[in-house]
Amino acid sequence: MTTEFRPIRGSIPALITPMLSDGKVDYPTLRKLIDWHVAEGTDAIVVVGTSGESPTVTVDEHCEIIRVSVEQAAKRIPIIAGCGANSTTEAINLATFAQKVGADAQLQVVPYYNKPTQEGLYQHFKAIAQAVPTLPVILYNVPGRTVADLQHETVLRLAQVPGIIGIKEATSNIERAQWLIRDVPKEFAVFSGDDATAVALMLCGGAGNISVTANVAPRQMHDLCMAALRGDVQEAMRIQFKLLPVHKNLFVEANPIPVKWAMQRMGLCGPTLRLPMTELSASQQPLVEAALKASELI
């Protein structure tokens, strides 16, 4: 970890990857989205994560999305590059590229499908941190998608590895998050990965929220996070209650299906997703529309 690294806190959208009608990555719109987030007060951006359809972009596209995002952000806000893979070598290669083009940190998801042991998970993340020591690592635990679950004791071991600076805790289990916040070193950041419970995690001492909702409500999510981080419960909950319909209905189908539909409804990007993801079902569209209206986003 470099001495220039500044701790990341606050609202961190897991940015969608805009695509053209032919399925190609829409880089001009990606640049516009980054500028919009900067203007709206977003505190950092994760690119090529789950919301960015990382499973279906090619390796070349994955790298180019990182490069373009870093270039467009121009150090105005940190770019956290999604570099996760279920192959340690591939994850290291992506992280090496992200470091080369100037990303500020890397998000490393628990390897999916191959179901490593806790020792395997420890060795995986340790190897990445050691291979790319100048690009800080944020772990990402989302067992609902990966099947493998990064257990408490393994996180504590990894928190001792130089260069591993935090975790995106996406289980929605607030008790579990509290134990993490209690037991990790003070400088190790615990981020929420679940919009509905993020305010609670931050009020318990979490560092911020890596968010789906922030794709459509960046200013509101920034304000919510800042209120929670300073302990202003009344203001944090005022915004939370306003955004609850969006928190809920952006998950009526698998992310990023609903959020991409919501963003095209707001005129922010096109609706295209890559198979096997498909456009939001017609029966669910009124729910997302109603949520956007209830939260005063349209």
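Look up: the structure comes first, before these words.
Note that the coordinates shown come from a computational prediction; the quantities given were computed from them, not determined experimentally.

Asks: Even after reading the chapter, I still don't get the pairing of strand β5 (residues 137-141), so can you show me in this structure?
Replies: Across a regular strand the side chains alternate sides, sitting on one face of the sheet and then on the other. When you tally the buried positions in β5, you get 5 out of 5 residues, the bulk of the element. Each parallel crossover has a hand, and the one from strand β4 (residues 105-109) via helix α4 (residues 118-131) to β5 is right-handed.

Asks: How should I be thinking about the sheet that holds strand β6 (residues 164-169) in this particular structure?
Replies: Within a sheet, neighbouring strands are paired by backbone hydrogen bonds and run either parallel or antiparallel to one another. If you trace the 8 strands from one edge of the open sheet to the other, you get β1-β8-β7-β6-β5-β4-β3-β2, paired in parallel fashion. Here the strands that pair on one side only, and so sit at the sheet edges, are β1 (10-13) and β2 (45-47). Neighbour-to-neighbour, the strand axes of this sheet turn through a mean angle of 25°, independent of strand direction. Set on the sheet, α4 makes contact with β4, β5 and β6; between it and β4 the angle comes to about 160°. Running at roughly 165° to strand β8 (residues 208-211), helix α8 (residues 195-203) makes contact with β7 (189-192) and β8 of the sheet.

Asks: Could you clarify how one ought to interpret the pairing of strand β3 (residues 79-82) in this entry?
Replies: Side chains of β3 alternate between two faces, with Ile-79 and Ala-81 and Ile-80 and Gly-82 buried alike. Between the parallel pair β2 and β3, the chain is carried across by helix α2 (residues 59-73), and the sense of this crossover is right-handed. Regarding topology, helix α3 (residues 88-101) serves as the crossover connection from β3 to the parallel β4, and that connection is right-handed.

Asks: In this structure, what is going on with empty space enclosed by the protein? I would like to understand it.
Replies: The gaps left among the atoms become clear once a water-sized probe is rolled over them. The tally for this structure, following the rule as stated, stands at 1 cavity of 30 Å³ or more. Each pocket or cavity is described by its volume, and for the largest cavity that value is around 40 Å³. Glu-169, Thr-171, Ser-172, Asn-173, Ile-174, Ala-177, Ser-192, Asp-194, Thr-197 and Leu-201 together form the lining of the largest cavity. Of all the secondary-structure elements, those providing two or more residues to the lining of the largest cavity are α7 (174-183) and α8. Taken together, the residues that form the lining of the largest cavity break down as 3 nonpolar, 5 polar and 2 charged.

Conventions and cut-offs
- Residues numbered from 1 in each chain as written.
- Predicted model: local features only at pLDDT ≥ 70, side-chain atom pairs only at ≥ 80, totals over all residues.
- Heavy atoms only, no water.
- Buried < 20%, exposed > 50% of the residue type's maximum accessible area, 1.4 Å probe, protein only.
- Helix = DSSP H or I, 4+ residues; strand = E, 2+ residues; numbered from the N terminus.
- Right-handed = clockwise from strand over helix to strand, strands pointing away.
- Pairing = 2+ DSSP bridges.
- Axes fitted to C-alpha atoms, helices over the stretch in contact; angles between N-to-C directions.
- Contact = heavy atoms within 4.5 Å.
- 1 Å grid on protein atoms, 1.4 Å probe; cavity = no way out; pocket = protein on both sides within 12 Å on 5 of 7 lines; lining within 4 Å.
- Points joined across faces, edges and corners; volume = space filled by probe spheres on them.
- Nonpolar A, V, L, I, M, F, W, Y, C, P; charged D, E, K, R; others polar.

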